[in-house]
Amino acid sequence: MDKSLVEAALAAAEQLGKDVAEVPLGAIAAAAGISRSTLLRRLGGSRAKLDDAVRQAGVDPGGRPPVRDRAIEAAATLIARDGLATITMEAVATAAQCSPTSLHAVFGNRDGLLAIMFDRYVPVPDLEALAANPPERLEDTVHAVYAALAEAFAREPRVLPAIFGDLLTRPNGTAAGMLKANLPRMFASLSALLMAQVQAGRLRPLPLPLLIQLMIGPMAGHMLLRPVLQDALGDVLPPVEESARTFAEAFIRATAP
């Protein structure tokens with residue numbers, strides 16, 4: 001197999017952010033500076049030879065997740081390990097085993113990558129789904145919100161605690177910008193859930209931002225500190241579900257009409 005065809009296939013794959021097996025032959029031909037028909041003729045009518053040659057060059061031509069998914073997972077792992085401030089496109093590309101060019105083609109820039117990664121590891125989409133089909137009972141609503149919070153904080157890699165860490169140490173940093181951009185979505189979901197309960201007479205009509213803080217603050221703080229508390233206290237610390245029930249009961253008592 002002509003080495004230049006392998007190099008063209010790898011270059012086209014990096015440019016498109018795809019595995020070699022997913023790159024159209026037309027794109028490989030363009031990278032090689034030949035026509036598609038010429039490429040097919042040199043391949044003997046089948047791209048299987050090209051995939052074999054790429055594999056012999058030490059590169060898996062396919063079977064891996066797309067660059068987009070690998071990059072999001074790599075960014076999340078790096079953030080959980082090293083913190084949000086350390087993330088660069090080059091570091092993510094190395095961890096995801098792709099090129100920075102591929103990342104820029106898929107996400108545009110670092111902010112685009114972080115925005116998509118943020119959406120996967122924070123509870124905003126879960127809260128939006130809950131608001132679209134809300135429970136009728138107040139107790140069920142609060143428990144569902146706490147379940148979403150607990151799952152997001154415990155989700156591996158632990159991106160959400162890292163975001164809070166960046167927010168506390170750099171009030172004008174990346175995490176603050178990400179939270180500000182997503183706060184309207186979270187506020188809208190929680191507003192819909194809580195206002196329905198206020199209108200039904202189950203909650204006092206407190207200022208909505210304060211009502212939201214009263215509900216999510218204790219549970220979020222608990223989940224943020226829970227790994228340390230677990231190491232320090234062991235079995236003395238109640239399970240997550242029991243802790244959530246306790247915080248839910250306290251919130252309902254504190255805000256009851």
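Please read these numbers as outputs of a predicted model, since none were measured by experiment.

Conventions and cut-offs
Residues numbered from 1 in each chain as written. Predicted model: local features only at pLDDT ≥ 70, side-chain atom pairs only at ≥ 80, totals over all residues. Heavy atoms only, no water. Helix = DSSP H or I, 4+ residues; strand = E, 2+ residues; numbered from the N terminus. Rg over C-alpha atoms; globule rule 2.2 N^0.38 Å. UniProt positions renumbered as here; feature names shortened; annotations may be inferred. Phe/Tyr/Trp six-rings, centres within 6.5 Å; stacked < 30°, edge-to-face > 60°. Buried < 20%, exposed > 50% of the residue type's maximum accessible area, 1.4 Å probe, protein only. Contact = heavy atoms within 4.5 Å.

Let us look at the overall build of the protein chain. When its secondary structure is counted, the protein chain shows 14 helices and zero strands. Taken from the N to the C terminus, the helices and strands of the protein chain come in the order α-α-α-α-α-α-α-α-α-α-α-α-α-α. The C-alpha atoms of the protein chain give 25 Å as radius of gyration, which overshoots the globular expectation for 257 residues (18 Å, by more than 25%). For the C-alpha atoms alone, the extent of the protein chain along its principal axes is close to 80 × 40 × 35 Å.

With that out of the way, let us pick up the UniProt feature "DNA-binding region" (unreviewed entry) in the protein chain. The UniProt record annotates "DNA-binding region" (unreviewed entry) at residues 88-107. Note that residues 88-107 is 80% helix and 0% strand, and that its end C-alpha atoms are spaced 13 Å apart.

A complete count under the given rule lists one aromatic pair for this structure. Note on Phe 153 and Phe 164: the rings are 5.5 Å apart at their centroids and 35 degrees apart in plane angle, and the pair reads as tilted. Of this pair, Phe 153 sits in helix α10 (residues 138-154) while Phe 164 sits in helix α11 (residues 159-169), placing them eleven residues apart in sequence. By relative accessible area, Phe 153 is classed as buried at 1%.

Attention now goes to the environment of Asp 126. You can see Asp 126 is positioned in helix α9 (residues 124-132). With 60 residues separating them in the primary sequence, Asp 126 and Met 186 have C-alpha atoms 9.7 Å apart. Ignoring sequence-local partners within four residues, the contact set of Asp 126 consists of Ala 148, Glu 151 and Arg 155.

Turning to the UniProt feature "domain: HTH tetR-type" (unreviewed entry) in the protein chain, a few remarks are in order. As recorded in UniProt, the feature "domain: HTH tetR-type" (unreviewed entry) lies at residues 65-125. A distance of 23 Å separates the end C-alpha atoms of residues 65-125, which is 75% helix and 0% strand.

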